[in-house]
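Topology and contacts: notes
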Amino acid sequence: MLARKGLVPDGFLLTRLAEERKHPNRKRSRCQRARFITKTGSCNVAHKNIREQGRFLQDVFTTMVDLKWQHSLLIFTSAFLCSWMLFAMVWWLLAFAHGDLQPRRQRPHTETAETAGTAATAGTAGTAETAETAVPCVTAINSFTSAFLFSIEVQVTIGFGGRMVTEECPAAIVVLIVQNILGLIINAVMLGCVFMKTAQANRRAETLIFSRNAVVAPRNGRPTFMFRVGDLRKSMIISATVQLQVIRRTVTSEGEVIPVSQLDIQVENPLRSNGVFLVSPLIVSHTLERGSPLYDLSAHSLAAADIEVIVILEGVVETTGISMQARTSYTPDEILWGRRFVSIVSEEDGRYCVDYSKFGNTLPVRMSALSAKELEQTRGVREAGADARPQGWGLVRAGRGGFRRGGRACEDAASRPWYDPVGEEADVPHEVGGCRACQ
């Protein structure tokens, strides 16, 4: 799917940004503007001097999900190791308190009747034999290493069979229950965080692509701001909506400076809503008309404009039912004036095919460098000039329904009778008194 170099003018990159710049040699402004939303969709905002850091611990689960993968794995590994070491110390203390760590003589495998009778008659010998056959709290725990291994076996439910808790110590049974509950909690939190991190909304947005550049071109006789969006997956985005906002610095009438002012932009849609059917790449447009934040934007003022157009696409993933959001933005350097996108959808073998290698390609079009406001004012002046006909002084009646000036008669359209034919003959100027009638 990637475009090969030399065949396609614009490279297509299988990311959210689609292709490289159309004009790589284009001069950039020396002072790089800070953008509110990066091209990858992340917010370019740094939070500083946050004094109440404890608020993040009140929502531990969300904090864990927001962490990076390496930090999350480090925390989970540390949690497991700490719990194993803690309960290994508890098991070792239980064994030490019960006297299970003292060295014992191995009991003989066979016991003859003679030795049994001798042990029964000798009281002191019987007492020693009873001490040697005492039941430990946990079998086969002779050191801290064996206690650590037993702690791992208990928490991860391995159960090799060499060590086990006996009914000799009720405290050991309580510790066994507590460790199992704590282990289940750690496992549940870890699995929940891993699932939420893998199923985050921005993961599905990786296959939603936006054109690297936006364009301003005439559409239906009006200047229009346009960009292209597409979905690489066959699974659709249900109830997809597109929202546009302009971020710019504004000053109120009271002199208050608002560094980041967010203004909504209406998306052109015949359904009068922001919903889109994203089954194939679409060109989302916005007409630069009265009331638009881009109404005063022209080709010359675009380079110096301090604006940023933010695009937000929201919807529900069809396969998982999880809400997702994809974002990008366009700065003045990424808005091309007087260009339009090429068509990438064609019909082949009874179905529609999309050529993603031309996803960001544009073509130049004839367009005025004036802003929409200036064009509207110019059009208004022309219409007013066309409606206002020249009126000379000393106009006198020149007959039925006419005026005369300088020996010429001008027929008044309003004075024509209703039966006067209005067709080809009406369009032809009439000769009145040897001169051509004025229109």
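Figured I'd write up the structure that's included with this text. All values reported here derive from a predicted model rather than from experimental measurement.

Our next topic: the overall build of the protein chain. Helix and strand content of the protein chain: 9 helices and 21 strands. Across the 439 residues that make up the protein chain, the buried fraction comes to 31%. For the protein chain, restricting intrachain contacts to residue pairs at least 6 apart in sequence, the fraction spanning at least 24 positions comes to 66%. Carbon and sulfur atoms make up 57% of the accessible area of the protein chain, which amounts to about 28700 Å² in all.

Let us now look at the packing of helix α5 (residues 144-155) against helix α6 (residues 170-198). Interaxial distance between α5 and α6 falls to 9 Å at its minimum, and their mutual angle equals 60°. By the criterion of interaxial angle, the relationship of α5 to α6 is oblique. For the pair α5 and α6, the sense of crossing is right-handed. For the pair α5 and α6, contact is made by S151, V154 and Q155 and by L176, Q179, N180, G183 and I186, respectively. Here the contact of α5 with α6 is composed, by residue class, of 3 nonpolar, 5 polar and no charged.

By the element assignment, R222 lies in strand β5 (residues 222-231). With relative accessibility at 47%, the residue R222 sits in the partly exposed group. Along the primary structure R222 and M367 are separated by 145 residues, whereas in three dimensions their C-alpha atoms are 9.9 Å apart. If near-sequence neighbours (up to four positions away) are discounted, R222 is found in contact with A217, T287 and E289.

Glycine aside, residues mostly have negative phi, and peptide bonds are mostly found in the trans state. Even without glycine at this site, A140 takes up a positive phi of about 65°. Taking relative accessible area as the criterion, A140 reaches 41% and is therefore assigned partly exposed. Here T157, not a glycine, exhibits a phi torsion of approximately 50°, which is positive. With respect to the element layout, T157 can be found in the loop between α5 and α6. Its relative accessible area of 63% is what places T157 among the exposed residues.

Our focus in this paragraph is the pattern of salt bridges. For the coordinates displayed, the defined rule picks out 6 salt bridges. Between E153 and R163 there is a salt bridge; the shortest N-O distance is 3.4 Å. Placement of E153 in helix α5 and of R163 in the loop between α5 and α6 is noted, with a sequence separation of 10 residues between them. Owing to a relative accessible area of 9%, E153 belongs among the buried residues under this scheme. The shortest N-O distance in the salt bridge between R222 and E289 comes to 3.1 Å. On the criterion of sequence distance, the pair formed by R222 in strand β5 and E289 in the loop between β9 (282-287) and β10 (307-317) is long-range, its members being 67 residues apart.

Rules used in this analysis
- Residues numbered from 1 in each chain as written.
- Predicted model: local features only at pLDDT ≥ 70, side-chain atom pairs only at ≥ 80, totals over all residues.
- Heavy atoms only, no water.
- Helix = DSSP H or I, 4+ residues; strand = E, 2+ residues; numbered from the N terminus.
- Buried < 20%, exposed > 50% of the residue type's maximum accessible area, 1.4 Å probe, protein only.
- Contact = heavy atoms within 4.5 Å.
- Areas by Shrake-Rupley, 256 points an atom, 1.4 Å probe, with all protein chains shown as cover.
- Axes fitted to C-alpha atoms, helices over the stretch in contact; angles between N-to-C directions.
- Parallel < 35°, antiparallel > 145°, perpendicular 65-115°, else oblique.
- Left-handed = near helix turned anticlockwise from the far one by under 90°.
- Nonpolar A, V, L, I, M, F, W, Y, C, P; charged D, E, K, R; others polar.
- Salt bridge = Lys/Arg side-chain N within 4 Å of Asp/Glu carboxyl O.

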